[in-house]
Amino acid sequence: MNIILCLVAVALHHQLKTAEPFFLPASPNVIESEEQVFKMARHLKAICVRVGVPLVFKSSFDKANRTSSASFHGPGLEQGLSDLEKVKAAYDLSIVTDVHESWQCEQVGRVADVVQIPQWCRSRRE
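All values derive from a computational prediction rather than experimental measurement.

(A) Seen up close, the sheet that holds strand 2 (residues 55–58). If you trace the 4 strands from one edge of the open sheet to the other, you get 1-2-3-4, paired in parallel fashion. Both outer strands of the open sheet, strand 1 (24–26) and strand 4 (114–116), are each paired with one neighbouring strand and no more. In this sheet, neighbouring strand axes are inclined to one another by 25° on average, regardless of whether the strands run parallel or antiparallel. The sheet contact formed by strand 1 and strand 2 spans 3 bridges and is parallel. From the neighbouring strand, A26 faces strand 2, where its bridge partner is F57. Set on the sheet, helix 2 (residues 34–51) makes contact with strand 1 and strand 2; between it and strand 2 the angle comes to about 160°.

(B) Representation of helix 2 in the model. The end-to-end C-alpha separation of helix 2 is 26 Å, in line with the 26 Å expected for 18 residues at 1.5 Å each. Within the span of helix 2, buried status applies to Q36, V37, F38, A41, L44 and C48. The secondary structure elements touched by the buried residues of helix 2 are strand 1, strand 2 and helix 3 (77–91). Residue G52 follows helix 2 closely and has a positive phi angle near 75°.

The rules behind the values
- Residues numbered from 1 in each chain as written.
- Predicted model: local features only at pLDDT ≥ 70, side-chain atom pairs only at ≥ 80, totals over all residues.
- Heavy atoms only, no water.
- Pairing = 2+ DSSP bridges.
- Helix = DSSP H or I, 4+ residues; strand = E, 2+ residues; numbered from the N terminus.
- Axes fitted to C-alpha atoms, helices over the stretch in contact; angles between N-to-C directions.
- Contact = heavy atoms within 4.5 Å.
- Expected span 1.5 Å × (residues − 1).
- Buried < 20%, exposed > 50% of the residue type's maximum accessible area, 1.4 Å probe, protein only.

Below, the structure written as structure tokens:
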């Protein structure tokens, strides 16, 4: 791993570990559109600044674990990461998102500060 990325990860860990009274992981569960994700980021950031709580923006580009295959799953990897990267830059936010396939980790890691690997994974169901 790049030394700069390691230092950023350590700094984020320290910031969140020492956040008083806590930090807030929040956002829409799944990205519905760029407009929606920007609106949520703007409002959440304003609230967190007002109350003095760090915000970690946590949203998914693909909700692969929906009970119905007909349900909305998100915009997909490319569009979702693009939206998250723009929100990160516009509002100076830390980003958390999840992956469902091992091949997604490197690409997601270029945008997300924390990559979540959910218990449910596509590879486990195949």
